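The chain contents come next:
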Protein chains: 4
Amino acid sequence: MYPNHTPAPELITSEWLNSSTSVSLKSLRGKVIFLYCFQMLCPACVSHGLPQALRAAGTFPKQDVVVIGLHTVFEHHQAMNKTALQAFLHEYRVTFPVGIDMPQQASGVPLSMQQLGLRGTPSLLLIDRDGKVRLHHFGIIDDMKLGHIIGQLVAEKTTNGTGTSTIKDEQNLATSKSETSTTCSDLSCRLD
Amino acid sequence: MYPNHTPAPELITSEWLNSSTSVSLKSLRGKVIFLYCFQMLCPACVSHGLPQALRAAGTFPKQDVVVIGLHTVFEHHQAMNKTALQAFLHEYRVTFPVGIDMPQQASGVPLSMQQLGLRGTPSLLLIDRDGKVRLHHFGIIDDMKLGHIIGQLVAEKTTNGTGTSTIKDEQNLATSKSETSTTCSDLSCRLD
Amino acid sequence: MYPNHTPAPELITSEWLNSSTSVSLKSLRGKVIFLYCFQMLCPACVSHGLPQALRAAGTFPKQDVVVIGLHTVFEHHQAMNKTALQAFLHEYRVTFPVGIDMPQQASGVPLSMQQLGLRGTPSLLLIDRDGKVRLHHFGIIDDMKLGHIIGQLVAEKTTNGTGTSTIKDEQNLATSKSETSTTCSDLSCRLD
Amino acid sequence: MYPNHTPAPELITSEWLNSSTSVSLKSLRGKVIFLYCFQMLCPACVSHGLPQALRAAGTFPKQDVVVIGLHTVFEHHQAMNKTALQAFLHEYRVTFPVGIDMPQQASGVPLSMQQLGLRGTPSLLLIDRDGKVRLHHFGIIDDMKLGHIIGQLVAEKTTNGTGTSTIKDEQNLATSKSETSTTCSDLSCRLD
């Protein structure tokens, strides 16, 4: 595992999908980076990691947190090629940028995976506003823990002091539903 | 709804369960308070709010976040008495302190509910280290958003500067499972 | 456990809710009976058994399968009285008939529970068109297995040959959704 | 949609995976056939249809119900080739036979899909002991309904009278758990 609290090495990719230009970690300095590392035929990535990454993209303000993907294939290379990944991203409606980890000739393990010290997929890296790896998680992590850590990272200023974080008071979903007052709904029991 | 960014009024209760003494918000100053307001026969409280409160109690470090409940009954008063609540807390294995909101003779709405301006159950209030209401949510809120907000509150220092927050690097659940390397598990695809 | 393939003993109840008259198993002869035995403060009953009973009431044709409940309290008797049960059925929107199992003075175990040989809650009994117990399940059972067994019971004729069962071809939910053909929805990938 | 209550046309496939020989519907006469039609990059197939097919394979006695798959690709043909399907079946631990629907040169729609009148994926066909299509469902169908229909089909004899169906009394999962009697578990409240 790549040591925490050290700068994340730059990603080495062969191509980026969902982005007209190459994405570098450096260019995102000042924001918290949610780097989701996956394989399209990894069941836990599809059932857990990807829906979570999509939730993250929909939950955190874009000025604070950027979600990007890294398709890091270490098995079934033929099945998980660029064409297949494009179809996958289309069907699963993934619109955040996804880099294709650079294959290595001598090994089945691609280059960024090796440099980041990933142990498999799904892996999640959280990189702080200063570019340092603050979480490196292999496997499944629950939403509340993850939100808690991201909230703390968002609250940090960069060493330049340019960080901004504000707590957006949550909209009350319950109010947008028309509920009868005589009984409880699936969402709440409402006081008249 | 009680205005945000103002000090939370003290809870007015007839009794506390799961606590040998009365719990006051003031006594918890310096910590983030997760105040879960519910009724034991409110379906959304039982299916969503309570499991979330229990997850919160298990997720956040106790030196940073305190979870307490408020049983705030505004309907079916006879069915949701203290005896019933005790049985409920026992069967649902709730061990955090739960206050019983003080009934008012003239009205079905108990006193804390009225003072806090709750609109029904479940309601969640987040109170910051300085005792101010920072979130007041009626209905269901998802874990990631909630974790995000709590993470930011945890990161704040009190006006006295006594707050402490550290990001605990997440244990990797995947590593504690014995997984074969030849195929993917439900949790991950592991690199040899 | 009451022996299977023998006639079910008649229920002994103190009262029926959601029914203007007392319900007897005998009066339902000719239909398959889905007898859901529960306690209102039993967590597994609330999270699993009750939603399943409500799904059953909504799934099986009423001329074939009748869903009824039996509130069979063997603990926390004071908390789970008739008033509390009425509030519970109201809030959880249970509209099928629910009998209150007859308390016994000398014991905490009510009479039908004893005669049926129930081991706890939730318990599910399936009674065939001839009045015989064909399934007696304590705990949780999954929907597919349960549907499979009920389907077979529905297909049986009574000894008088009055049973009727027809397979209703399933409506295709997917067709009722307006889906674009250019991509897959959460429900399906549609051929143009 | 292929008319119900008529014999199902034989499948036309280019190859079978998870089977040393070609599988024909005719060879399965006398059993109920659960024919699961899918594409490996169809999200609803992966999240709903496939887990359901795997549950079906684990639920119904093999002498009564046979589960087979049909990979019927009408989009992203290049991404969903045989190599990719093999990797997919391996990673998702699918062990039932899966036929690859025969491509047609002039059209993107493969031959069995056309002959069966499928409208997309996932599609589920239930074929009775006599080889007739009894359910043709496009999209998602819930487990209880599905079990109910299969239970009725299982109960039917073939026109030769060779069908056999017995209701296996469900094992009581709750009994296999060691539960304390002083409180309720997630599975049940147990009587001492």
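Structure's up top.
Residues numbered from 1 in each chain as written. Chains lettered and ligands numbered in written order. Predicted model: local features only at pLDDT ≥ 70, side-chain atom pairs only at ≥ 80, totals over all residues. Heavy atoms only, no water.

A. The overall build of chain A, seen in detail. Secondary structure summary: chain A contains 4 helices and 8 strands in total. Every one of the 192 residues in chain A was classed for burial, and the buried ones make up 56%. Restricting the contact set of chain A to residue pairs at least 6 apart, pairs at least 24 apart contribute 71%. For chain A, the exposed area adds up to about 7,800 Å²; of that, 51% sits on carbon and sulfur atoms. (Helix = DSSP H or I, 4+ residues; strand = E, 2+ residues; numbered from the N terminus. Buried < 20%, exposed > 50% of the residue type's maximum accessible area, 1.4 Å probe, protein only. Contact = heavy atoms within 4.5 Å. Areas by Shrake-Rupley, 256 points an atom, 1.4 Å probe, with all protein chains shown as cover.)

B. Structural detail: the packing of aromatic side chains. Tallied over the full model, the rule gives 12 aromatic pairs over all chains. Clustering of aromatic rings is evident, with ring pairs tying together Tyr36, Phe38, Phe88 and Tyr92 of chain A. (Phe/Tyr/Trp six-rings, centres within 6.5 Å; stacked < 30°, edge-to-face > 60°.)

C. Structural view of the side chain of Ser185 of chain C. All names here are of chain C. As for its placement among the helices and strands, Ser185 is situated in the loop between helix 4 (143–155) and strand 8 (189–190). With a relative accessible area of 15%, Ser185 lands in the buried category. Of the polar contacts made by the side chain of Ser185, one reaches the backbone nitrogen of Leu187; its length is 2.9 Å. (Polar contact = N/O pair within 3.5 Å; in protein donor to acceptor, adjacent residues only side chain to side chain.)

D. Region of interest: the sheet that holds strand 6 (residues 123–127) of chain B. Residues and elements named next belong to chain B. Spatial strand order, 1-4-3-2-6-7: 6 strands in an open sheet with mixed pairing. At either end of the open sheet lies a strand with only one pairing partner, and these are strand 1 (13–17) and strand 7 (133–138). Between one strand axis and the next, the sheet turns by 20° as a mean value, whatever way the strands run. As judged from the 3 bridges shared by strand 3 (residues 65–71) and strand 4 (residues 98–101), these two strands associate in the parallel manner. Looking at strand 4, one finds that His71 is bridged to Ile100. Sheet strands in contact with helix 1 (residues 43–59) are strand 2 (32–38) and strand 3, and its direction is about 160° off that of strand 2. Its contacts with the sheet place helix 4 (residues 143–155) against strand 2, strand 3, strand 6 and strand 7, and it is angled at close to 20° to strand 6. (Pairing = 2+ DSSP bridges. Axes fitted to C-alpha atoms, helices over the stretch in contact; angles between N-to-C directions.)

E. Up close: unusual backbone geometry. Between Thr121 of chain C and the following residue, Pro122 of chain C, the backbone shows a cis peptide bond with an omega angle of -5°. Of note in the backbone geometry, Asn18 of chain A takes a positive phi value of approximately 60° without being a glycine. Within the fold, Asn18 of chain A resides in the loop between strand 1 (13–17) and strand 2 (32–38).

F. Spotlight on the nonpolar core. Core analysis: the biggest nonpolar cluster contains 125 residues, and Phe34, Ile68 and Phe88 of chain A together with Phe34, Ile68 and Phe88 of chain D have the highest contact counts within it. Contacts of Ile68 of chain D, omitting those with residues within four sequence positions, involve Leu11, Trp16, Val23, Leu25, Leu28, Ile33, Phe34, Leu35, Tyr36, Phe96 and Pro97 of chain D. In this structure, Val133 of chain B together with Val46, Phe74 and Leu116 of chain C belong to the second largest nonpolar core, which totals 124 residues. (Core = buried A, V, L, I, M, F, W, Y, C linked by side-chain atoms within 4.5 Å.)

G. Inspection of the interface of chain C and chain B at higher detail. With 16 residues of chain C at the interface, the matching set in chain B holds 16 residues. Each partner contributes to the roughly 1,300 Å² buried at the junction of chain C and chain B, and carbon and sulfur atoms together form 69% of this total. Among the residues chain C hides against chain B, the three largest losses belong to Leu41, Glu91 and Tyr92 of chain C. Together they make up 39% of the total. On the surface where chain C and chain B come into contact, there are 0 salt bridges. (Buried area = accessible area lost by both parts, 1.4 Å probe. Salt bridge = Lys/Arg side-chain N within 4 Å of Asp/Glu carboxyl O.)

H. Up close: the state of the cysteines. Residues and elements named next belong to chain A. One pass over the structure, following the stated rule, counts 8 disulfides over all chains. In chain A, the bonded cysteines, taken in the order they occur along the sequence, pair up as 1-2, 3-4. With no disulfide of its own, Cys37 has Cys45 as its nearest cysteine by sulfur position, at a separation of 9.4 Å. (Disulfide = S-S within 2.5 Å.)

I. Fine view of the relation of the copies chain C and chain B. Expressed as a screw transformation, the operator carrying chain C onto chain B has a rotation angle of 180° and an axial translation of 0.0 Å, and the superposed copies differ by an RMSD of 0.0 Å. The superposition operator between the copies reduces to a two-fold rotation axis. Looking at chain C, 100% of its interface residues are interface residues in chain B too, so the copies touch through the same face. (Least-squares fit on C-alpha atoms with pLDDT ≥ 70 in both.)

J. Representation of the pairing of strand 6 (residues 123–127) of chain C. All names here are of chain C. Most of strand 6 is tucked away: 5 of the 5 residues are buried. Every second residue of strand 6 is oriented toward a common face, with Ser123, Leu125 and Ile127 on one face and Leu124 and Leu126 on the other, all of them buried. Two strands pair when backbone bridges link them, and strand 2 (residues 32–38) and strand 6 are joined in this way by 5 bridges, in the antiparallel orientation. When the sheet's bridge partners are listed, Phe34 is paired in strand 6 with Leu126. Note: strand 6 against strand 7 (residues 133–138), 5 bridges, orientation antiparallel. Bridged to Leu125 within strand 7 is His136. Linking two consecutive strands that pair antiparallel, namely strand 6 and strand 7, is a turn of 5 residues; a positive phi of about 90° is found at Gly131 within it.

K. Structural detail: the sheet that holds strand 6 (residues 123–127) of chain A. Residues and elements named next belong to chain A. Spatially, 6 strands are ordered 1-4-3-2-6-7 in an open sheet, and the strand pairing comes out mixed. Across the chains shown, the open sheet's two edge strands, defined by having one partner strand only, are strand 1 and strand 7 (133–138). Ignoring strand direction, the axes of neighbouring strands in this sheet form an average angle of 20°. Here strand 2 runs beside strand 3 (residues 65–71); their pairing, made up of 7 bridges, is parallel. Note on strand 3: the bridge partner recorded for Phe38 is His71. Those strands touched by helix 1 (residues 43–59) are strand 2 and strand 3, and its axis lies near 160° from that of strand 2. Taken strand by strand, helix 2 (residues 82–91) contacts strand 1, strand 2, strand 3 and strand 4 (98–101), and its axis lies near 30° from that of strand 1.

By themselves, these observations are geometric and do not establish any function.
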